[in-house]
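# Analysis of the macromolecular model
In case you want the letters, here they are:
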Amino acid sequence: MPLWWPLLLASLLFALGVYGVLVRRNAVLVLMGVELMLNAVNLNLVAFDAQLRDVLHAGQTLALFTIAIAAAEIGLGLAVVLLVFRTHGHVEPARLTSLADRDVE
Amino acid sequence: MTAVVLCLLGRPVLTAAVVLAVGHRSPHTVRGAAVAGSALCWLLAVVVAGAHLGDAAPLRRVVVETASVGQPLGIVVWVDPLSCVLLLLATTVSLLVQVYSLGYLARDPRYPSYAALVSLFTGAMATVVVADDLWMLLVGWELMGACSYFLISHHWELPEARAGAVKAFLVTRTADLGLLFGILVLGERFGTYRISEILSDLAAAPPMRDALWLPALLLLVAVLGKSAQVPFHTWLPDAMPGPTPISALIHAATMVAAGVFLVARMHPLFLVTPRVLTLLAVLASVTMVLAAAYALVADDLKRVLAWSTVSQLAYMFGALAAGAWSAGVLHLLAHGAFKALLFLGAGAVVHAVGSTSLSRMGGLRTALPHTFAAMTVGFAALAGVVPLVGFFTKDAVIGAAWEEARDGRLLWPWVAWLLVAAMLLTAVLTVAYAMRAWLLAFFGPTSPEHTGRAPHDPPATMRVPLYVLMVPSVLGGVVVLDPAAVLGPGGGADLLHGAEALTTTVLVALTGLAVVLLWRRRGRAVWPAMTWPHLPVDVLVERGLVRPVLRLAQVVRAGERDVVDAYAEGTEASVRGVGRLLRRTQTGRVQSYLLVVVVGAVAVAVLAGSLA
């Protein structure tokens, strides 16, 4: 299998993830965009691991790391989303502007 | 003997330190320390003077000097008869002033600093008169200026005292620049800063006439400022808001005497520069007549005395300009005695009446018999009544000017005649204003304006100095009979002049008679309240110096505000503006921030890729 197939797939996934993070109006879907980007990276790692025939399989090891971290991250992220929903009654990132510079003269 | 001189120089500083250290903790200790310090000074001065008056060899000793390259500077003392008589004068008057101040400032809250400054003042004068190194002289000279500033502004809650002190300081300081540059020029011309070496160089190889006009002129400027001669004469009368004992000290022994002393000390330098001497003679003539005329119309007793000091100092300068060294110095001593007496007497009058205005005095003869006696002797000595000291020294001065005008070696002839005419006219005016002040204060009806408790003679601490000062005022004329015994071989000129003495005596008698007749006929109405126009010196200073400086200050202030501050404020404003722009981007929307980051990262990546 040529290398550019998984790389093309990973690029498409990553772009999809970036798009989701930037434009989705629901925080849960934003988190899903983040997951897409992480998995695009995982795909890259595994693809290069196979391509380079690494005896230590560093790519696969790092992919496992990333999966574990992604699991932790999504746990935290969903907890934040839940709390935001409880305090604000919605989960739209565009309407969460309490950190804006309010007192511009 | 050097040790004694050094003790004499150090003692006033020590006294001042002790007095300031004790301060307000113990009034009796402060007063004791001040008077004891002055008495010790006086004793040391007597010891020094006893050894070096007359034709004894002068004491010259290098105490310490710099060892670096160039002309050495240092503490070098030179005690000759001139130093001795001035030391005696300064320490005596200072001691009497300290004793007098015990009564005069009995309830003054600022006594400790006052006593310390009087002590320091005396020390500064002693430094000037025994200095051989010109820089040491300059130190004492400037120290006196500073002390006089502090003492004149003793009552600093009065605006006129502050103004007078500032004026005295600024005028004398400006003139002192002449001394500084004069010292530099002298050091450059002679290769030494020692007065004795400069004088011996002058004696050994007399330079061309007027070759040394520049340093002589510079010294003259400083002297005119210190001794309040035209055109610097305005500060002395304005210094009158100071305490009266301070006026006595400044007028008799320290501040203004230093100017005459410097001319007397550097007299050989002035003798080889007749042009400068001629200038001095002209200025002295103008000063003595003007000041006497102002004294004739002043309403303030202390101002009368102040103008009289200016006028009498001009006599001394006239004598020195005519080449009569011993006559000038002796008149300085005589004036020191009777002017101290007059000021201390005036202090007693002011103490009793509570005002310095002559219009509020009158008929004090019976109320203040002791003060009356003292002031009578003082005024008589000032006017030159026959057996008193003023007669002998003034006669010596006028006689010397007369001889100079007749024989003419130094001055331009018409200037010498002008000097003689001014001296005779001033002698008449002196009698007139002395009698006027005397009559207005002590005779006639008691002033109706005077209210309150009855005036009475001052306490003993203030009476005793008056009596002590009456002795030299009455008997001082003896010195004129044999000046060489006091002033050494250089001062041995014949100082008695029969014809001139007769002339002045007749003039004094006639003027006195005229004044008394007028007084008999018209009473106090002889002297209506009037003022004579002053020389436009103050106006000139105001127009030429004060206003331009103020305008310059305004320009500087405007530059500060409109240029320098504009930059500082512009920086602030531009930072604020840029900050306001940047704040617009802080919307709080996380996704738009992230968009910027992604666009930026892509842009960097594209840029890096295209460059690689």
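None of the values given here were measured: they were computed from a predicted structure. (Residues numbered from 1 in each chain as written. Chains lettered and ligands numbered in written order. Predicted model: local features only at pLDDT ≥ 70, side-chain atom pairs only at ≥ 80, totals over all residues. Heavy atoms only, no water.)

### Describing the overall build of chain A
For chain A, the count of helices and strands is 3 helices and 0 strands. Sequence-ordered secondary structure for chain A, helices as α and strands as β, is α-α-α. For chain A, whose C-alpha radius of gyration is 18 Å, the value lies well above the compact-globule estimate of 13 Å for 105 residues. Each of the three principal axes of chain A carries a C-alpha extent, and together these read 60 × 25 × 25 Å. (Helix = DSSP H or I, 4+ residues; strand = E, 2+ residues; numbered from the N terminus. Rg over C-alpha atoms; globule rule 2.2 N^0.38 Å.)

### A look at the overall build of chain B
What chain B contains, in helices and strands, is 25 helices and 2 strands. Taken along the three principal axes of its C-alpha coordinates, chain B extends 120 × 65 × 50 Å. Counting only contacts in chain B whose residues sit at least 6 apart along the sequence, the fraction spanning at least 24 positions is 81%. Accessible surface, chain B as shown: approximately 25,300 Å² in total, 71% of it carbon and sulfur. Of the charged side chains in chain B, 41 are positive and 33 negative; the average position of the first set lies 11 Å away from that of the second. (Contact = heavy atoms within 4.5 Å. Areas by Shrake-Rupley, 256 points an atom, 1.4 Å probe, with all protein chains shown as cover. Lys, Arg positive; Asp, Glu negative; His and termini not counted. Charge placed at Lys NZ, Arg CZ, Asp CG, Glu CD.)

### Considering the interface of chain B and chain A
A common way to express how large an interface is: the accessible area buried when the components associate. Taken residue by residue, the interface counts 11 residues in chain B and 16 residues in chain A. Across the chain B/chain A interface, buried area totals approximately 1,200 Å², and carbon plus sulfur atoms make up 52% of it. Where chain B touches chain A, the interface holds 0 salt bridges. Our enumeration of links across chain B and chain A arrives at 2 residue pairs in polar contact (both at pLDDT 80 or more). Mapped onto the side of chain B that touches chain A, the elements with two or more residues apiece are α24 (537-583) and α25 (590-611) of chain B. Considering each element in turn, the side of chain B that touches chain A owes the most residues, 4 residues, to α25 of chain B. (Buried area = accessible area lost by both parts, 1.4 Å probe. Salt bridge = Lys/Arg side-chain N within 4 Å of Asp/Glu carboxyl O. Polar contact = N/O pair within 3.5 Å; in protein donor to acceptor, adjacent residues only side chain to side chain.)

### Digging into the nonpolar core
Among the nonpolar cores identified, the biggest contains 204 residues, and Leu137, Trp141, Leu179, Trp235, Phe270, Phe379 and Phe442 of chain B are the most heavily contacted of them. Not counting residues up to four positions away in its chain, the partners in contact with Phe270 of chain B are Ala216, Leu219, Leu220, Val263, Val276 and Leu277 of chain B. Judged by nonpolar contacts, the second largest core, of 5 residues, contains Val18, Leu22, Val30 and Met37 of chain A. (Core = buried A, V, L, I, M, F, W, Y, C linked by side-chain atoms within 4.5 Å. Buried < 20%, exposed > 50% of the residue type's maximum accessible area, 1.4 Å probe, protein only.)

### Thoughts on the packing of aromatic side chains
Residues and elements named next belong to chain B. Overall, the coordinates contain 14 aromatic pairs over all chains when judged by the stated rule. When the centroid spacing of 5.8 Å and the interplanar angle of 70 degrees are considered together, the rings of Phe372 and Phe443 count as edge-to-face. Linking Phe372 in helix α17 (residues 369-383) with Phe443 in the loop between α19 (413-442) and α20 (460-475), this pair joins segments that are 71 residues apart in sequence. Phe443 matches Phe372 in its accessibility class, with the two residues each being buried. Plain terms: the ring middles of Trp402 and Trp417 are 5.9 Å apart, the flat faces sit at 80 degrees to each other, and that makes the pair edge-to-face. Of this pair, Trp402 sits in helix α18 (residues 389-407) while Trp417 sits in helix α19, and the two are 15 residues apart along the sequence. (Phe/Tyr/Trp six-rings, centres within 6.5 Å; stacked < 30°, edge-to-face > 60°.)

### What to know about a nonpolar patch on the surface
Residues and elements named next belong to chain B. Taken together, Val471, Val474, Leu475, Val478, Leu481 and Leu496 make up a surface patch of nonpolar side chains, about 530 Å² in accessible area. Elements with a contribution of two residues or more to the nonpolar patch: α20 and α21 (478-481). The greatest single-element share of the nonpolar patch, amounting to 3 residues, is contributed by α20. Within the element layout of this structure, Val478 appears in helix α21. Take Val478: its relative accessible area is 53%, and that puts it in the exposed class. (Patch = residues over 30% accessible without salt bridge, like charges linked within 9 Å, V, L, I, M, F, W, Y side chains within 5 Å.)

### Notes on the pattern of salt bridges
All names here are of chain B. Under the definition given, this model contains 16 salt bridges over all chains. Taking the shortest distance from any N to any O, the salt bridge between Asp176 and Lys226 comes out at 3.8 Å. Within this pair, whereas Asp176 is found in helix α6 (residues 159-190), its partner Lys226 is found in helix α8 (residues 213-226), the two being separated by 50 residues in sequence. Assigned by exposure class, Asp176 and Lys226 land together as buried.

### Some remarks on helix α2 (residues 27-52) of chain A
Turn by turn, an α-helix covers 3.6 residues, leaving residues three or four places apart pointing in a common direction. All names here are of chain A. Compared with an ideal rise of 1.5 Å per residue, which puts 26 residues at 38 Å, α2 spans 38 Å between its outermost C-alpha atoms and is within 8% of the ideal. Along α2, the residues that are buried comprise Ala27, Val30, Leu31, Gly33, Glu35, Met37, Ala40, Asn42, Ala47 and Asp49. Two or three places before Val28, at the opening of α2, Asn26 has a side-chain oxygen 3.0 Å from that residue's backbone nitrogen. Directly after α2, the chain includes Arg53, whose backbone phi takes a positive value near 50 degrees. (Expected span 1.5 Å × (residues − 1).)

### Considering the environment of Gln591 of chain B
Position of Gln591 of chain B among the secondary structure elements: in helix α25. The exposure class assigned to Gln591 of chain B is buried, which follows from its relative accessible area of 14%. For the pair Gln591 of chain B and Leu513 of chain B, spaced 78 residues apart in sequence, the C-alpha to C-alpha distance is 114 Å. A distance of 2.9 Å separates a polar atom in the side chain of Gln591 of chain B from the backbone oxygen of Val21 of chain A.

### Some details on the side chain of Thr172 of chain B
Residue and element names in this part refer to chain B. Structurally, Thr172 can be placed in helix α6. Residue classification places Thr172 among the buried residues on the basis of a relative accessible area of 1%. Polar contacts involving the side chain of Thr172 include one to the main-chain carbonyl oxygen of Phe169, which spans 3.2 Å. Leaving out residues up to four positions away in the same chain, Thr172 has contacts with Gly225, Lys226, Trp235 and Met255.

### Focus on the environment of Arg25 of chain B
Turning to its location among the elements, Arg25 of chain B is positioned in the loop between α1 (2-22) and α2 (27-52). Separated by 16 residues in sequence, Arg25 of chain B and Leu9 of chain B have C-alpha atoms that sit 27 Å apart.

### Notes on the confidence of the model for chain B
If pLDDT is low for a region, its predicted coordinates should not be looked at in detail. Here chain B averages 86 in pLDDT, while 96% of its residues score no lower than 70. With a pTM of 0.78, the predicted complex shows an ipTM of 0.84. (pLDDT = per-residue confidence, 0-100.)

### A closer look at α8 of chain B
All names here are of chain B. Helix length check: α8 (14 residues) gives 20 Å between terminal C-alpha atoms against 20 Å at 1.5 Å per residue, within 8%. Along α8, the residues that are buried comprise Pro215, Ala216, Leu219, Leu220, Ala222, Val223, Leu224, Gly225 and Lys226. Downstream of α8 by a residue or two, Ala228 has a phi angle that is positive, lying close to 55 degrees.

### Here's the deal with empty space enclosed by the protein
Residue and element names in this part refer to chain B. Counting across every chain of the model gives 3 cavities of 30 Å³ or more. Here the largest cavity defines a volume of roughly 60 Å³. What lines the largest cavity is Ala383, Gly384, Phe391, Lys394, Asp395, Ile398, Ala427, Thr504, Thr505 and Val508. If you list the elements that add at least two residues to the lining of the largest cavity, you get α18 and α23 (498-522). Among the residues forming the lining of the largest cavity, the class breakdown is 5 nonpolar, 3 polar and 2 charged. Approximately 40 Å³ is the volume found for the second largest cavity. Lining the second largest cavity are Pro12, Gly37, Ser38, Cys41, Thr91, Ser94, Ser119 and Thr122. Among the secondary structure elements, those contributing two or more residues to the lining of the second largest cavity are α2, α3 (81-104) and α4 (111-130). The element best represented in the lining of the second largest cavity is α2, accounting for 3 residues. Among the residues forming the lining of the second largest cavity, the class breakdown is 2 nonpolar, 6 polar and no charged. (1 Å grid on protein atoms, 1.4 Å probe; cavity = no way out; pocket = protein on both sides within 12 Å on 5 of 7 lines; lining within 4 Å. Points joined across faces, edges and corners; volume = space filled by probe spheres on them. Nonpolar A, V, L, I, M, F, W, Y, C, P; charged D, E, K, R; others polar.)

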